[in-house]
Amino acid sequence: MPNGIGGAAAPAVGKALSPAALPLLVVTKTPSCGCCHLWVEHMQDAGFKVEIHDVDDMTPVKERVGVPYGKGSCHTAEVGGYFIEGHVPAEDVKRLLAEKPNAKGLAVPGMPLGSPGMETPDGRVQPYAVELVAQDGSTSPFSRHGN
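Residues numbered from 1 in each chain as written. Predicted model: local features only at pLDDT ≥ 70, side-chain atom pairs only at ≥ 80, totals over all residues. Heavy atoms only, no water.

Student: Which parts of the structure should I look at to understand the nonpolar core?
Tutor: Where a protein is soluble and globular, its nonpolar side chains tend to be buried together. In terms of nonpolar packing, the biggest core is built from 25 residues, with L25, W39, M43, F48, I84, V93 and L106 touching the most fellow members. Counting only elements with at least two residues in this core, the list comes to strand 1 (25-29), helix 1 (34-45), strand 3 (75-79), strand 4 (82-86), helix 3 (90-99), strand 5 (103-108) and strand 6 (128-134). Ignoring any residue separated from it by four or fewer positions in sequence, one finds M43 in contact with L25, F48, V50, V88, A90 and V93. (Core = buried A, V, L, I, M, F, W, Y, C linked by side-chain atoms within 4.5 Å. Buried < 20%, exposed > 50% of the residue type's maximum accessible area, 1.4 Å probe, protein only. Helix = DSSP H or I, 4+ residues; strand = E, 2+ residues; numbered from the N terminus. Contact = heavy atoms within 4.5 Å.)

Next comes the structure, spelled out in structure tokens:
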């Protein structure tokens, strides 16, 4: 998987990418997952064009893109040379694409309540971190959400 280096110059940090400038988001998920569909809607509402692939076994996809053990979730997306694992907010994906760090991708391990696609009727958000996955598989905080 490309490391996000090269290609067109990155827009200034903090400058939003227009929907026309957003690359295609390719999502791989299991056919029976309902929250994955809700996350896809969140990404589409944020301006991403989405292509969906349903597979019965997510393991080969996660291994191919380099999702570290223990950092998995219910779906894996690929966009702009990065993987997006789990319920990562669209604003964080856009920031990743704008900043273009030398990394494999972003991960939200598990399925935190209140994250995109896991919203609760009362609007509660379980605190969670979006993790940046380095080329060596190590992780560091990219953003935090919730109280």
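From this point, the narrative continues.
Student: Even after reading the chapter, I still don't get the pattern of salt bridges, so can you show me in this structure?
Tutor: Note on pairing: side chains with opposite charge can pair once their charged atoms come close. According to the stated counting rule, one finds 6 salt bridges in the structure shown. Two residues, R95 and E99, come together in a salt bridge whose shortest N-O distance is 3.0 Å. Here the residue R95 and the residue E99 both occupy positions in helix 3, the gap between them amounting to 4 residues, near one helical turn. Among the salt bridges present, the one from R124 reaches D122, with a minimum N-O distance of 3.8 Å. Using a relative accessible area of 46% as the deciding quantity, one classes R124 as partly exposed. With a relative accessible area of 58%, D122 lands in the exposed category. (Salt bridge = Lys/Arg side-chain N within 4 Å of Asp/Glu carboxyl O.)

Student: I'm lost on the environment of V93 in this one. Help?
Tutor: Along the chain, V93 falls in helix 3. For the pair V93 and V79, spaced 14 residues apart in sequence, the C-alpha to C-alpha distance is 8.7 Å.

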